[in-house]
Every structure is written in structure tokens, then in C-alpha cells.
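For reference, the chains in residue letters:
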Amino acid sequence: MREGRTVGLSNHVVLITADGQRRHVADSAAPIRDARGDVQGAVLVFRDVTEAYLMRKALADSEQHFRSLANAGLALIWTADARGDRDYFNEPWLAFTGQPFEAQRGDGWLQGMHPEDRLAWRAAFEAAARVQGDYRVEYRLRHADGDYRWVLEQARPRRDSDGLFIGYVGHCLDVTHEKAADAEIERLAYHDALTGLPNRVLFRDRLEQALAHVHRSGRHGAVLFLDLDQFKRINDVYGHSLGDVVLVEMAQRLRGLLREGDTVARLGGDEFVVLLGDLAGEAETAAAQAMNVAEKVRASIEQPVWHEGLSLMLATSIGVRLLSRDVEDIDDVMRTADMAMYRAKAEGRNRVAFFEAAMQASLLHRYELEQDLRAALRLGQFELWVQAQFEGGAKMNGAEALVRWRHPVRGLVSPAEFIPIAEETGLIVPLGAWVLRSACEAIRALQGAGRSLRISVNVSARQFLEHDFIAQVREILEQSGADPSRLTLELTESVLIDSFDVVAGRMRELHALGIRFSLDDFGTGYSSLAYLKRLPLSELKIDRSFVRDVPADPEDAALVEGIIAVAHLLHLDVVAEGVETPEQQQFLRAAGCGSFQGFLLHRPQPIDDWLKDVFG
Ligand SMILES: Nc1nc2c(ncn2[C@@H]2O[C@@H]3COP(=O)(O)O[C@H]4[C@@H](O)[C@H](n5cnc6c(=O)[nH]c(N)nc65)O[C@@H]4COP(=O)(O)O[C@H]3[C@H]2O)c(=O)[nH]1
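Residues numbered from 1 in each chain as written. Predicted model: local features only at pLDDT ≥ 70, side-chain atom pairs only at ≥ 80, totals over all residues. Heavy atoms only, no water.

- The name given to the protein in an unreviewed UniProt entry is PAS domain S-box-containing protein/diguanylate cyclase (GGDEF)-like protein, and the organism recorded there is Tibeticola sediminis.
- Database annotation for the protein, UniProt heading Catalytic activity (unreviewed entry): "3',3'-c-di-GMP + H2O = 5'-phosphoguanylyl(3'->5')guanosine + H(+)". (UniProt positions renumbered as here; feature names shortened; annotations may be inferred.)

Okay, here's the thing in C-alpha cells:
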């Protein structure tokens, strides 16, 4: 004032008015000067600023209110200006990142984002910013402890009180746990629990991608379909827990053999598939590459599995299907790879087979047969034929029942062709029952005529293992009135392989009824004396394939003699099958074989014709 300036004295003078109200008063003073400019006095001005004071206080309170709201929760809150530079982080953000505000303002905070996520974040932000819209994006943000955490960031445009766009406000939530849970759920849904390998669902997905890549790039891919030979046996003999050990070991070996981009999956049971991507553009080279891998896989599986002093031997049959531009359908790929695998099995197991176009044709043929076969029983297209068996010289002692299918277009279809299909489709069960019933009716007719001839009936594995097979046989015997001791059931060695104890138990039960058992195809499989001894067998049949080349082939001759010696040792009858020449019969008789069956003696004929002949 002495210097002649106007000054504000105080904003905080509170005056009480006459009616008792509190008013906030701002005062100021200005000097009064005389003509010479000397200060003569002062003008004091008092203004009532109560309204402005209250407004400012409300604003400060409101700011405090929102600040504590922003800092209260777990959300990491920030704001950014119109250019995207961040100008505010709440306390949880600063605590989470452990970095001071100054280091993070602007785009400093981006230093804390995982470098791999920056591109995706920027894309989300810029796309939203162009239209001043919302966005949400997940990224990894470095925590104060140095580890990255997954956060979900959600942001929306920020506007001033006039509604003008001034930037963004957003928040992040730590979703690390949710991410881990999602990953676990995904892992469970798309992976096999035992081996941790991708499952069928994931495999199909990858196959689809691989096929798309093949179409785009013109390069090849391949699917290897594997099935472990003998796995079922290990499971049956040693139990499931050892079976599991084997599967896990196989999974590890497969994974170890393949490249990063390849997929190994377990489809279930002992079936695995391998997907090879990015093979050569030229088909032959690609096939060679696939073959190479398949062969490596085969060789690796062949190595014994050591477990607690046991050494388990496995092998695998592998079907290979190339993926090329002309392949469209993934079901077709799976089916044809599977077919090739079956061919590998049929060709002797522990091998690799390729799917070929010719197989496609046979697939079609088979498919049609399968369709027709389903209707055949209903339409009465099956016929029962028999082939007589002879004891010693020429004394007929029975016959083998052989089923025939008279197809309306194809004519007579060989059982060698349709029995395997009937087995796979389960049709063998009603078909086998039909054959058994027809054979028992023939036995009954023979009994009635006083002829004590036997009839042998082939029983396939699937049929024999059907849960109510024994009940079925009993019922048929009862209904037909056939003498059980005239009935021989022929089993092949393959029935024994899979479930020896079950089969042996059933055989004993049926044998107790008086039924005889014959082991067909003896010598072609795995039969060992040790387990032949444990079965209630009456007869061994020498397979046609051994009879064919005797006596000329010394190896087969020795084999046949061996089989006959085994049979004698076990007190079993021996029947030689497929005897076509007198030399064969002579040789067999000299070796000690008692009964004969073959074109030399009798060609199969319809059962009614045969019965007529027998009854004379
Ligand atoms: N080259 C030659 N072949 C001869 C000679 N003698 C007999 N055969 C044929 O050899 C097969 C003998 O039957 P399998 O080994 O039990 O082999 C049978 C049997 O495993 C199966 N099968 C036939 N009928 C039935 C059936 O009712 N049920 C089941 N589950 N399988 C059957 O189909 C196979 C083939 O039967 P088929 O075609 O009837 O063929 C019959 C018979 O016709 C010969 O001297 N030379």
C-alpha cells in the first residue's frame, strides 16, 4: 500500500451476518493519493465470495471423492490424452508396475508391456482411436516383482464437459489366473489325459489347417496312422496299468522323433496318428520323405520297453496317406490312412503300407458289399454248403459246413471275402447263429436216419466272444434236438490270441455238453504246445497252405510232420485240409494223418444235395 499498489488482504475472512449466516468475504485495499501522488488514505472493498468459495470446495471434494474411488479397487486405471499419451495412472497401477509416474507418463509405460504383445495392443488401440470407439485387449504387463502378468485392458473415449473427445480412460484387470484356467480347460478338452498328446478333436483341427496349407502352397503333407500290434495282449496279460506305461512310453518316443511343426495325436486305445506338414512339392519325393519318417517310427516302436525288469516287445503297423491338392475331405484322409494301416497289418504286421488309388476302388467295393451284406440275411441270400471229410481211406465220417452268399448281381461270393466284413460289422453274430442252426438241423436229420456223421462249424472270434454265445448254442441244440457229440466247433488260432482265459473257459463249458473242438489253420499263428495242452481240443486241422506243396517242398513236409507229431502227443485227431492229389494224401497218411478233406475226395455242395446223397 505504501508503494501505492492495490492489494488483496484475505479470502478467508468469515463474517457472521446479522441473521447468523456465515459468509466468506474477500477484501482488498487501494490507496487514495493526493495531487502529488502521496498516499492519503485507503479504500477498503469487501466482497461476499461465499458462492465461489462453496463451488471451489465442492470441486475439491468431488476430485478427492473420485481420486479415492480410482484408488480403492484392484483395477489399474489410467487416462490418456487425444494423442494417446498417458497422463494419469492410479495408485494400484503404480504399485503394480513398481515404476514412478514420471517414468511411465506419455508412452513410458509401454516399456512394461511384453514385447510380443505390443503389436496387437497397438493395432487394437489405433483401430479404436480412428473411430473414437471402445476397445479391449489382453497383454502381458510386467509386475513390480519382475514377472509378467496377463491383464485385460478395457478403454473408452474420454470427453470434456462440452462432449469433445480428449483421449481415453481405461482400466486393466489382472487375469493371469483366468488365463491359466482357460489354458488348462483347453488342454483337457484337446488332449489325451494319459499321454498328454493332442486328441482326435485337436488332430482333426490341425489336419484341416495342414490341408489348407497344402492347397495354398502346393506342397505335400502326410498322415501316418499307427496301431500297436500286440498291445491288447500286453493289456490282457499284464493289466491296464502296464498297458498305460507302454502307451506313455510310445507317446514319448513318437514325440521325440518328430519335428516341431509335426503333430502326434492319440486317437484312443492303441491308435496314434502323426501329421507331417510341409513335405516336398513333388509327389514322389514327398512319398519318400513320409516313408522315411514312417520307417523311423516303426523302428523306434520295435525297441523293447523296459519296465521293472520286464522287457516288452511291441510292433506297429503303419498306414500312410499323402496329402495333396486333390484331397478335400479330412474324413476321407482318416479313412484311407486307416485302410492302409489295415493292409500293413494284413501283410504281416510291423510294416508300413501306403494308401493307393487301387485301394480306393477296393474300399468302394467293400463298402457296397457291406451294404448288401446287411440285407442278405433278411433276404435269405445265404446258403449252407458242406464238404465231406474222410477217415483213413474213403470212409466218410462227417463234413464241414461252409456258408455261401448268393448275391443277386455278383453271383456266389466267397466266404473268404465276406466273412471278414461280417466280423467287422457284427453281422457275423446272426449269420453264425444261422449257420449253426442249419448245421444242427442237418445233424438231427442224420440222426433220424441212423447216420452218425459229424458236422464241423466254423466259429469266428467275434461270434465266439459274444457274451451270450453259450446260451445261443444251448438253445440251438435244444430246439434242433441235435446230439452235441456230433457237433464240432472249429476255432482259429486268432480267437485264442486276444483273450485266452475267456476262450478257454467257454470251451470247457461247451465241451462239458459233449461238443468237440477243432483248431483250424493250425501252424499259421502263434500256437504253442503250452497252451494247446490247456484247451479241451479234440482235433487239429492242417492248413491248406501247408498241404499244397507236400510232398515236394521239404520245408512244408517237415512242418506237416511236426504238426502231426504234436497232435499225437496231445492225443488229438488230425484232419488235413485242401487235399487235391493222391500224392498229398499218401504222404499225409504215411505221416500219420487220420482224416482228409479236399477236392480230391469231395467238392463242397449244398447241404440238401449232400444229405440226399448220404441217405442214398
Ligand atoms: N484250393 C482248395 N480249396 C479247398 C479244397 N478243399 C476245400 N477247400 C476250401 O477250403 C476252405 C476250407 O475252409 P476253412 O479253412 O475253414 O476256411 C473257411 C472259413 O474260415 C470261412 N468260413 C466259411 N464258412 C464259414 C462260416 O459259416 N462261419 C465262419 N465263421 N467262417 C466260415 O471261410 C473260409 C473259406 O471258405 P471256402 O471259400 O468255403 O473254402 C473252404 C473250402 O471250399 C481243396 O482241395 N483245394
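## Overview of the pattern of salt bridges
At step 1: What the rule picks out here adds up to 37 salt bridges.
At step 2: Salt-bridge contacts for R23 lead to D48; the nearest nitrogen and oxygen are separated by 2.8 Å. You can see R23 sitting in strand β2 (residues 22–33) and its partner D48 sitting in strand β3 (residues 39–48), a full 25 residues away along the chain.
At step 3: Classification of D48 by relative accessible area gives partly exposed; the value is 45%. (Salt bridge = Lys/Arg side-chain N within 4 Å of Asp/Glu carboxyl O. Helix = DSSP H or I, 4+ residues; strand = E, 2+ residues; numbered from the N terminus. Buried < 20%, exposed > 50% of the residue type's maximum accessible area, 1.4 Å probe, protein only.)

## What about unusual backbone geometry?
At step 1: Cis peptide bonds are those with omega within 30 degrees of zero, and the linkage from V550 to P551 qualifies with 0°.
At step 2: Structurally, P551 is set in the loop between α19 (544–547) and α20 (554–569).
At step 3: A positive phi angle is found at Q132, which is not glycine, with a value near 50°.
At step 4: Along the chain, Q132 turns up in the loop between α4 (118–130) and β6 (135–142).

## Quick look at the sheet that holds strand β11 (residues 271–279)
At step 1: The 5 strands are arranged β10-β11-β9-β14-β15 in an open sheet whose pairing can be described as mixed. This sheet does not close on itself; its edge strands, each paired only once, are β10 (263–268) and β15 (352–354). Going across the sheet, the axis of each strand differs from the next one's by a mean of 20°, ignoring polarity. (Pairing = 2+ DSSP bridges. Axes fitted to C-alpha atoms, helices over the stretch in contact; angles between N-to-C directions.)

## A look at the pairing of strand β4 (residues 76–80)
At step 1: Burial within β4 is extensive, with 5 of its 5 residues counted as buried.
At step 2: By the alternation rule, side chains of β4 split into L76, W78 and A80 and I77 and T79, which are all buried.
At step 3: Summarising the sheet, β4 and strand β8 (residues 165–174) pair through 5 bridges and their orientation is antiparallel. In the strand pairing of β8, A80 is matched with Y168.
At step 4: Pairing of β4 with strand β5 (residues 86–89), which is carried by 3 bridges, proceeds in the antiparallel orientation. What sits directly across from W78, in β5, is F89.
At step 5: Hairpin connection between β4 and β5: a loop of 5 residues separates the two successive antiparallel strands, and G84 in this loop has a positive phi of roughly 100°.

## Structural notes on a nonpolar patch on the surface
At step 1: On the surface, a cluster of nonpolar side chains totalling about 210 Å² of accessible area is made up of I32, V43 and V45.
At step 2: Topologically, V43 is positioned in strand β3. (Patch = residues over 30% accessible without salt bridge, like charges linked within 9 Å, V, L, I, M, F, W, Y side chains within 5 Å. Areas by Shrake-Rupley, 256 points an atom, 1.4 Å probe, with all protein chains shown as cover.)

## Let's talk about the site of the ligand
At step 1: Close to the ligand lie 21 residues; Q387, E400, R544, E580 and F599 are nearest.
At step 2: Contact between the ligand and R404: an oxygen atom at 2.9 Å from a side-chain N or O atom of the residue.
At step 3: Within the side chain of E577, an N or O atom sits 3.1 Å from an oxygen atom of the ligand.
At step 4: Out of a free accessible area of 800 Å², the ligand has 84% covered by protein chains.
At step 5: Residue assignment for the shell around the ligand shows that the elements contributing at least two residues are β17 (395–407) and α12 (415–425).
At step 6: Ranked by residue count, the leading element in the shell around the ligand is β17, at 4 residues.
At step 7: Partitioned by chemical class, the residues of the shell around the ligand number 8 nonpolar, 6 polar and 7 charged. (Near = heavy atom within 4 Å. Polar contact = N/O pair within 3.5 Å; in protein donor to acceptor, adjacent residues only side chain to side chain. Nonpolar A, V, L, I, M, F, W, Y, C, P; charged D, E, K, R; others polar.)

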